[in-house]
Amino acid sequence: MVKRRKQEEIAGVLEFAGTSAEDPTFKRWVAEHRAQNGGNLRMSKGATGVRVMFSKEADMTFWKERSEAEAKGRKPHAA
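Residues numbered from 1 in each chain as written. Predicted model: local features only at pLDDT ≥ 70, side-chain atom pairs only at ≥ 80, totals over all residues. Heavy atoms only, no water.

### Things to note about the pattern of salt bridges
Now for step 1: Taken as a whole, this structure holds four salt bridges when the rule is applied.
Now for step 2: We note a salt bridge from Lys 27 to Glu 22, for which the minimum N-O separation is 3.2 Å.
Now for step 3: Looking at Lys 27, the relative accessible area reads 44%, which means it is partly exposed.
Now for step 4: Its relative accessible area of 57% is what places Glu 22 among the exposed residues.
Now for step 5: Residue Arg 66 pairs with Glu 32 through a salt bridge whose shortest N-O separation is 2.8 Å. Placement of Arg 66 in helix H2 (residues 57-72) and of Glu 32 in helix H1 (residues 24-37) is noted, with a sequence separation of 34 residues between them.
Now for step 6: On the basis of relative accessible area, Arg 66 is assigned to the buried category, the value being 5%.
Now for step 7: A residue is classified by how much of its surface remains accessible, and Glu 32, at 33% relative accessible area, is partly exposed. (Salt bridge = Lys/Arg side-chain N within 4 Å of Asp/Glu carboxyl O. Buried < 20%, exposed > 50% of the residue type's maximum accessible area, 1.4 Å probe, protein only. Helix = DSSP H or I, 4+ residues; strand = E, 2+ residues; numbered from the N terminus.)

Written as structure tokens, this is what we have:
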């Protein structure tokens, strides 16, 4: 019997430096993502923080903008 592996296209990977998977802000982002899109995100421990892999370019762009807005200390725009 041959085992098949499900392979997904990866749009990109973002690493959030100084953030862990247990960070409250990061947990909120993951919960919001799951509520909007369903499914799971692929996360791993990166060199400087948590690393997230995205299968959709739009999701990756949204997360990147949100993290940049958070770094500047302002609220991210609603999508």
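### Describing the packing of aromatic side chains
What characterises a pair of aromatic rings is the spacing of the ring centres plus the angle enclosed by the ring planes.
Now for step 1: This model, assessed by the stated rule, comprises six aromatic pairs.
Now for step 2: One Lys or Arg, Arg 66, reaches over the ring of Trp 63 and ends 5.0 Å from the middle of that ring. (Phe/Tyr/Trp six-rings, centres within 6.5 Å; stacked < 30°, edge-to-face > 60°. Lys NZ or Arg CZ within 6 Å of the ring centre and 35° of its normal.)

### Side note on the nonpolar core
Now for step 1: In terms of nonpolar packing, the biggest core is built from 11 residues, these being Leu 14, Phe 16, Phe 26, Trp 29, Val 30, Leu 41, Val 50, Val 52, Phe 54, Met 60 and Trp 63.
Now for step 2: Elements with a contribution of two residues or more to this core: strand E1 (12-17), H1, strand E3 (49-54) and H2. (Core = buried A, V, L, I, M, F, W, Y, C linked by side-chain atoms within 4.5 Å.)

### Some points on the layout of surface pockets
Now for step 1: Empty space within the largest pocket amounts to approximately 240 Å³.
Now for step 2: Lining the largest pocket are 14 residues, with Glu 8, His 33, Asn 40, Leu 41 and Ser 55 positioned closest to its centre.
Now for step 3: When contributions to the lining of the largest pocket are tallied by element, the ones reaching two or more residues are H1 and E3.
Now for step 4: Its residues assigned to classes, the lining of the largest pocket shows four nonpolar, six polar and four charged. (1 Å grid on protein atoms, 1.4 Å probe; cavity = no way out; pocket = protein on both sides within 12 Å on 5 of 7 lines; lining within 4 Å. Points joined across faces, edges and corners; volume = space filled by probe spheres on them. Nonpolar A, V, L, I, M, F, W, Y, C, P; charged D, E, K, R; others polar.)

### Points about the side chain of Ser 67
Now for step 1: Tracing the backbone shows Ser 67 in helix H2.
Now for step 2: If we skip the residues at most four places from it in the chain, Ser 67 touches Phe 16 and Trp 29. (Contact = heavy atoms within 4.5 Å.)

### Describing H2
Now for step 1: The terminal C-alpha atoms of H2 lie 23 Å apart, and with 16 residues this matches the ideal 22 Å at 1.5 Å per residue to within 8%.
Now for step 2: Three or more residues of H2 are buried, namely Asp 59, Met 60, Trp 63, Arg 66, Ser 67 and Ala 69.
Now for step 3: Where H2 is buried, its residues contact E1, H1 and E3.
Now for step 4: Just beyond H2, the residue with positive phi is Gly 73, at close to 85°. (Expected span 1.5 Å × (residues − 1).)

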